[in-house]
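Residues per chain are reported as follows:
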Amino acid sequence: MAEKIKSYRFNVLEETLSQLNKEDCTIIAGGTDVMVMYKSRRGVPPKISKPIVFIDHLSELKQVYQNKNDLHIGACCTYSELLGNPLIPKELKKAIKTIAAPAIRNRGTLGGNVCNASPAGDTLPLLYVYNAKLLLRSVKGERIVAISDFIQGVRKVQREPNEILAEVILPSVLEEGAHVVFEKVGNRNADAIAKVGFAGYIRLNGDVIKDVRFAFGAVGPTMVRSVDIEKILIGKTIPLSDADITQVVAAFEKIIKPIDDQRSTALYRKTVALNLLRYFLSMKQYQIK
Ligand SMILES: Cc1cc2nc3c(=O)[nH]c(=O)nc-3n(C[C@H](O)[C@H](O)[C@H](O)COP(=O)(O)OP(=O)(O)OC[C@H]3O[C@@H](n4cnc5c(N)ncnc54)[C@H](O)[C@@H]3O)c2cc1C
């Protein structure tokens, strides 16, 4: 006989946080990762050892709003909700449209993608190049942490058991002169886990590169980003010379170390990742005056 699972579904965030402070629970937002992670054999409910706390209905975690130059996205907004929201940047919508199929997009949340910390999480390359910050809440108050500090490895995040991710904050979405690109390579355009994900961000003042960022997904235990390599291009003018492009690609060649698995080979992943970088660095879209 199936074992009973203790579960909580409070009406407000405060009560949820208070319960999390008393008892270590498994948080379920959309459940699209949790249910797979704990799945049992057919017909048998998932085996989750801790009590469950549902958070997907909490209105405090579902707001999207602009505060000065920052865009705040509630962690429990589903992908479908974000696709319908005019504040969400088009590249993030492009990434979301590649995730699973509509049924999963109706349940899966942005916060779940972050907290699941899969190397193939499709929103993560973009969140890294947006320099996303995460607002975590607990009974003790709130703290803000950079996404690159929060995610520490495969399914490993720096979250205290009593904390909930409340918001994903995108600080650089609305900057003037910024261009953002997202590309995913998988077996299909959507409903396929990424073999490689790539996001590029560039901010120009006239011809001069003021800021540039790159992040690669599914080619390492977590997103691959290197501020040191990015610095090579700051202050350069566009179009970039072949020598500059070659230097940056060669630098990433050394730090991108993918693995072979059922979805792809390491060699394919590395080749595609570097091609995407080269493509971004020589793109014409942001070079037209
Ligand atoms: C068929 C299928 C296809 C998929 N395809 C893709 C795909 O193409 N690309 C992709 O990136 N992903 C894909 N996924 C994975 C999944 O849908 C996403 O990662 C989704 O964003 C997870 O969100 P969720 O709300 O369902 O997370 P949940 O399953 O509810 O939670 C995931 C993890 O995050 C924790 N968590 C969730 N929300 C919070 C919060 N606010 N605060 C603290 N902890 C939290 C949970 O405890 C759990 O550890 C797929 C999943 C399935 C089942």
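Below: a short report on this structure. Counting of residues starts from 1 at the beginning of each chain's written sequence and follows it residue by residue. The predicted origin of the model limits local features to residues at a pLDDT of at least 70 and limits the giving and counting of side-chain atom pairs to 80 or more, whereas totals for whole chains, interfaces and linings rest on all residues. With hydrogens and water excluded, all non-hydrogen atoms of the structure serve as input to the side-chain values.

### A few points about the overall build of the protein
What counts here: Helix and strand definitions here come from DSSP, where helices need a minimum of 4 consecutive H or I residues and strands a minimum of 2 consecutive E residues; each element is numbered from the N-terminal end. Atoms considered for the radius of gyration are the C-alpha atoms alone. The globule rule reads 2.2 Å times the number of residues to the power 0.38. Contact criterion: two residues are considered in contact whenever any of their non-hydrogen atoms come within 4.5 Å of each other. Using the Shrake-Rupley algorithm and a 1.4 Å probe, accessible areas are obtained, with residue cover drawn only from the displayed protein chains. Working convention for charge: Lys and Arg count positive, Asp and Glu count negative, and His plus the chain ends are omitted. We put the charge of a Lys on NZ, of an Arg on CZ, of an Asp on CG and of a Glu on CD.
Summing up its helical and strand segments, the protein has eleven helices and 13 strands in all. For 289 residues, the compact-globule estimate of 2.2 N^0.38 gives 19 Å, and the C-alpha radius of gyration of the protein, at 20 Å, lies within 12% of that figure. For the C-alpha atoms alone, the extent of the protein along its principal axes is close to 65 × 45 × 30 Å. Here the contacts in the protein between residues at least 6 apart in sequence split such that 62% fall between residues at least 24 apart. About 14,400 Å² of surface is accessible on the protein, with carbon and sulfur atoms providing 51% of the total. Side chains of the protein carry 41 positive and 30 negative charges; the gap between the two charge centres is 4 Å.

### A closer look at the nonpolar core
Basically, it comes down to this: For the purposes of this section, nonpolar cores are sets of buried Ala, Val, Leu, Ile, Met, Phe, Trp, Tyr and Cys residues that join through side-chain atoms within 4.5 Å. Note on classification: 1.4 Å probe, protein chains only; a residue is buried when its accessible area is under 20% of the maximum for its type, exposed when over 50%, partly exposed between these limits. Domain segmentation is taken from an automatic or database assignment of domains.
Formed by 39 residues in total, the largest nonpolar core has its most connected members in Ile73, Val114, Leu126, Leu127, Ile147, Val168 and Leu170. Top contributing element to this core by residue count: helix 7 (residues 124-129), with five residues. Each of two domains, domain 1 (7-170) and domain 2 (178-287), supplies a minimum of three residues to this core. Each residue touching Val114, except ones within four places of it in the same chain, is listed here: Leu124, Leu127, Leu134, Ile147, Phe150, Ile151, Val157, Leu165 and Val168.

### Focus on the sheet that holds strand 13 (residues 208-217)
Applicable threshold: Pairs of strands are assigned from DSSP output, requiring at least two bridges between the strands. Note on method: axes are straight lines fitted to C-alpha atoms, helices fitted across the in-contact stretch only, with angles between N-to-C directions ranging 0 to 180 degrees.
The strand order 11-12-13 describes an open sheet built from three strands, whose pairing is antiparallel. Of all strands in the sheet, those bounded by a partner on one side alone are strand 11 (178-185) and strand 13. Neighbouring strand axes in the sheet, compared pairwise and without regard to direction, differ in orientation by 10° on average. Of the pairings in the sheet, the one linking strand 12 (residues 196-205) to strand 13 comprises nine bridges and is antiparallel in character. Across the sheet, Asn205 pairs through a bridge with Val208, a residue of strand 13. In the packing of helix 11 (residues 266-281) onto the sheet, the strands contacted are strand 11, strand 12 and strand 13, and the crossing angle to strand 12 comes to about 20°.

### Considerations on the pattern of salt bridges
How we decide: Salt bridges, as used here, are contacts in which a Lys or Arg side-chain nitrogen is within 4 Å of a carboxyl oxygen on Asp or Glu.
Tallied over the full model, the rule gives 15 salt bridges. Of the charged contacts, one joins Lys90 and Glu91 as a salt bridge, the two residues approaching to 3.9 Å between their closest N and O atoms. According to the relative accessible area criterion, Glu91 is buried, its value standing at 12%.

### Focus: the environment of Ile52
In this fold, Ile52 is placed in strand 3 (residues 52-54). Judged by its relative accessible area of 7%, Ile52 falls in the buried class. Distance in space between the C-alpha atoms of Ile52 and Ile169 is 26 Å, their sequence separation being 117 residues. Leaving out residues up to four positions away in the same chain, Ile52 has contacts with Ile5, Lys6, Ser7, Tyr8, Thr26 and Ile28.

### Focus on the environment of Arg263
Mapped onto the elements of the fold, Arg263 is located in the loop between helix 10 (242-255) and helix 11. Looking at Arg263, the relative accessible area reads 31%, which means it is partly exposed. Considering only alpha carbons, one finds Arg263 and Cys115, 148 residues apart in sequence, at a separation of 22 Å. Ignoring sequence-local partners within four residues, the contact set of Arg263 consists of Ile193, Ala194, Lys195 and Arg269.

### Details of the packing of aromatic side chains
What counts, and what does not: A pair of Phe, Tyr and Trp rings is counted when the ring centres sit within 6.5 Å of each other, with Trp represented by its six-membered ring. The angle between the planes then sorts it: under 30 degrees is stacked, over 60 is edge-to-face, the rest tilted. Charges are assigned to positions over rings by a cutoff of 6 Å between ring centre and Lys NZ or Arg CZ, combined with an angular limit of 35 degrees from the ring normal.
Under the definition given, this model contains six aromatic pairs. Summarising the aromatic geometry, the rings of Tyr8 and Phe10 are spaced 5.7 Å apart at their centres and angled 10° between planes, so their arrangement reads as stacked. The same class applies to Tyr8 and to Phe10, which are both buried. Connected via pairs of aromatic rings, a cluster forms that spans Phe198, Phe214, Phe216, Phe252 and Phe280. The ring centre of Tyr268 lies 5.7 Å from the NZ or CZ of Lys195, which sits over that ring. The lysine or arginine in question, Arg213, covers the ring of Tyr201, its NZ or CZ lying 4.0 Å from the ring centre.

### Description of the pairing of strand 12
For strand 12, the tally of buried residues reaches eight of ten residues, placing the bulk of the element in the interior. Where strand 11 and strand 12 come together, eight bridges link them in antiparallel fashion. Its bridge partner lying in strand 12, Val180 is registered against Tyr201. Remark: two residues form the turn of the hairpin made by strand 12 and strand 13, two consecutive strands paired antiparallel; Gly206 in that turn has positive phi of roughly 65°.

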